[in-house]
Amino acid sequence: MDLVVDLSDATKALSLPHIRYQLIRLEDTVLFHLIERAQFPLNGNIYKPGAIPIPDSSLSFSDWVLREQEALQSKIRRFQSPDEYPFFEDAMQPLILPPLEYPSVLWRNDVNVNAELKNRYINSILPSCCVKASRAERTEEAQENYGSAATADVNCLQSLSRRIHFGKFVAESKFQSNPSHFIPLIKAGDTQGIDAAITDSNVERKVLERLRLKAEMYGVDPSMDAESPTRKVHVEGVVAMYRDHVIPLTKVVEVEYLMQRLRGSEWE
Ligand SMILES: C=C(O[C@@H]1C=C(C(=O)O)C=C[C@H]1O)C(=O)O
């Protein structure tokens, strides 16, 4: 919840090297939350509305836990921070703490890709990251872990959301560095052109290389012997998560943010 980007210095907040350093730090946060989640079975029932009865709610168990957490966190200013975006906008509650005055670093926008992120997390990311500890493992459901798995999911989803919506800082930084390049593309509604303009394939390649090394290093406890009955995070699943979901969704955020960048500006 603490702001990842020090907004006291707006120029530092929009320094691309500084932003990329924050993205590297967020890799560790995401990975450690995934490793925690991977200690439990997939527990598919917690993602199915109605599979676990919840009083006065038709949500899935996992969605209900996430929504309740966000309601509480909204009261203590989590979503005042420009690097935090809720999955359940309708769960937001009045503050019980005085509002914080953040300097406006980002341009006003309503970009939020959390619904797509959650869909991909449940249907693709989690199944490919949670691997069975051993072939002998018979079940992918452990009722006693429902609460722990849902709680771990909240941490995974919120860290992934923060990483992906950091694309707004990246996009603002790139826009301010070269507005004359982006303005014609934005005015033409050329989303493919904007995507090409914000893409840095070399940086993406380095992200995936670094992530593979981290997943191999963090995912296994070196002090435990090979026979220990522990779940490991699946290295290929982690790499695929970033390659197929985190990086593409970050770029969607960048493009959608830039498509709104001229609204109310001198260039509108
Ligand atoms: C985040 C950036 O923008 C794009 C997205 C990237 C990512 O999500 O890792 C990396 C490079 C760019 O293609 C960046 O330039 O650092």
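Residues numbered from 1 in each chain as written. Predicted model: local features only at pLDDT ≥ 70, side-chain atom pairs only at ≥ 80, totals over all residues. Heavy atoms only, no water.

The protein chain is annotated in an unreviewed UniProt entry as Chorismate mutase aro7 of Vermiconidia calcicola.

## Side note on the overall build of the protein chain
Put simply, the test is: Each helix corresponds to a stretch of at least 4 residues labelled H or I by DSSP, and each strand to a stretch of at least 2 residues labelled E; elements are numbered beginning at the N terminus. Exposed residues in this analysis have more than 50% of their type's maximum accessible area, buried residues have under 20%, and partly exposed residues fall in between, with area computed by a 1.4 Å probe over protein chains only. Contact criterion: two residues are considered in contact whenever any of their non-hydrogen atoms come within 4.5 Å of each other. To be clear on the numbers: accessible area is Shrake-Rupley with a 1.4 Å probe, and residue cover counts the displayed protein chains and nothing else.
A count of helices and strands for the protein chain gives 10 helices and zero strands. Counting helices and strands in the order they occur from the N terminus, the protein chain gives α-α-α-α-α-α-α-α-α-α. Expressed as a percentage of the 268 residues in the protein chain, the buried residues total 46%. Restricting to contacts in the protein chain with at least 6 residues of sequence separation, those with at least 24 account for 75%. For the protein chain, the accessible surface area stands at approximately 13,500 Å², while carbon and sulfur atoms represent 53% of it.

## Some words on the side chain of histidine 165
As for its placement among the helices and strands, histidine 165 is situated in helix H5 (residues 146-165). The contact partners of histidine 165, leaving out residues within four places of it in the chain, are Tyr85, Val111, Asn112, Val113, Asn114 and Val253.

## A few points about the environment of glutamate 27
Locating glutamate 27 in the fold gives a position in helix H2 (residues 16-37). The exposure class assigned to glutamate 27 is buried, which follows from its relative accessible area of 1%. In contact with glutamate 27, not counting residues within four places along its chain, are Val207, Arg210, Leu211, Lys214 and Tyr242.

## Thoughts on the packing of helix H4 (residues 114-129) against H5
Formally: Helix axes use the C-alpha atoms of the stretch in contact, all axes being lines fitted to C-alpha atoms, and the angles between their N-to-C directions lie in the range 0 to 180 degrees. By the definition adopted for this analysis, an angle is roughly parallel if under 35 degrees, roughly antiparallel if over 145, roughly perpendicular if from 65 to 115, and oblique otherwise. Should the near helix be turned counterclockwise from the far one by less than a right angle, the crossing is left-handed, whereas a clockwise turn marks it as right-handed.
Here H4 crosses H5 at 125°, and the two axes come no closer than 11 Å. Considering their axes alone, H4 and H5 lie oblique with respect to each other. In this structure, H4 meets H5 at a crossing whose hand is right-handed. Contact with H4, carried on its side by Asn114, Leu117, Lys118, Tyr121 and Leu126, involves Asp153, Cys156, Leu157, Leu160, Ser161, Ile164 and His165 of H5 and no other residues of that element.

## A closer look at the site of the ligand
Let me state the cut-off plainly: Consider each residue's heavy atoms; a residue with any of them within 4 Å of a molecule or strand counts as near. Nitrogen and oxygen atoms within 3.5 Å of one another constitute a polar contact, given that in protein one can donate a hydrogen and the other can accept it, and given that sequence-neighbouring residues count only through two side-chain atoms.
Around the ligand, the structure places 15 residues, and the nearest of them are Arg20, Arg163, Lys174, Glu204 and Glu254. Aspartate 200 places a main-chain nitrogen or oxygen 2.9 Å from an oxygen atom of the ligand. Summarising the interface, the protein chains cover 99% of the accessible area of the ligand, which totals 360 Å² for the free molecule. Those elements that provide at least two residues to the shell around the ligand are H2, helix H6 (167-177), helix H9 (201-218) and helix H10 (235-259). Sort the elements by how many residues they give to the shell around the ligand and H10 lands first, with four residues.

## Observations regarding the packing of aromatic side chains
Let me state the cut-off plainly: Within 6.5 Å between ring centres, the rings of Phe, Tyr and Trp (the latter by its six-membered ring) count as paired, and their orientation is classed by plane angle as stacked under 30 degrees, edge-to-face over 60, tilted in between.
The full count for this structure, using the stated rule, is four aromatic pairs. Plain terms: the ring middles of phenylalanine 166 and phenylalanine 169 are 5.1 Å apart, the flat faces sit at 40° to each other, and that makes the pair tilted. The exposure class assigned to phenylalanine 166 is buried, which follows from its relative accessible area of 0%. Between the aromatic rings of phenylalanine 175 and tryptophan 267, the centroid separation amounts to 5.4 Å while the plane-to-plane angle is 75°, which identifies the pairing as edge-to-face. Placement of the pair is phenylalanine 175 in helix H6 and tryptophan 267 in the segment after H10, with a sequence separation of 92 residues. Look at phenylalanine 175 and you get buried, because its relative accessible area is 1%.

## So, the nonpolar core
Keep this limit in mind: We define the nonpolar core as a collection of buried residues of types Ala, Val, Leu, Ile, Met, Phe, Trp, Tyr and Cys that are connected through side-chain atoms lying within 4.5 Å of one another.
With 70 residues, the main nonpolar core has Met241, Tyr242 and Leu258 as its most contacted residues. It is H10 that provides the largest number of residues to this core, a total of 12 residues. Discounting residues that sit within four places of it in the chain, leucine 258 has contacts with Ala171, Phe175, Phe182, Ile186, Ile194 and Ile198.

## Focus: helix H7 (residues 179-187)
Buried within H7 are the following residues: Phe182, Ile183, Leu185 and Ile186. The elements touched by buried residues of H7 are H6, helix H8 (191-198) and H10. Glycine 189 sits one or two residues past H7 and shows a positive phi near 65°.

## Concerning unusual backbone geometry
At asparagine 43, a residue that is not glycine, the phi angle is positive and equals roughly 55°. Relative to the helices and strands, asparagine 43 is located in the loop between H2 and helix H3 (61-75). One non-glycine residue, arginine 77, adopts positive backbone phi at about 80°. Take arginine 77: it is sitting in the loop between H3 and H4.

## Description of the packing of H2 against H9
Quick reminder of the rule: Here the term charged refers only to Asp, Glu, Lys and Arg, the term nonpolar to Ala, Val, Leu, Ile, Met, Phe, Trp, Tyr, Cys and Pro, and the term polar to all other amino acids, Gly among them.
Interhelical geometry of H2 versus H9 gives an angle of 35° and a closest axis separation of 11 Å. The handedness of the crossing between H2 and H9 is right-handed. Here Arg20, Ile24, Glu27, Asp28, Leu31, Phe32 and Ile35 of H2 lie close against H9, whose contacting residues are Val203, Val207, Arg210, Leu211, Lys214, Ala215 and Tyr218. Class assignment for the residues of the contact of H2 with H9 results in nine nonpolar, no polar and five charged.

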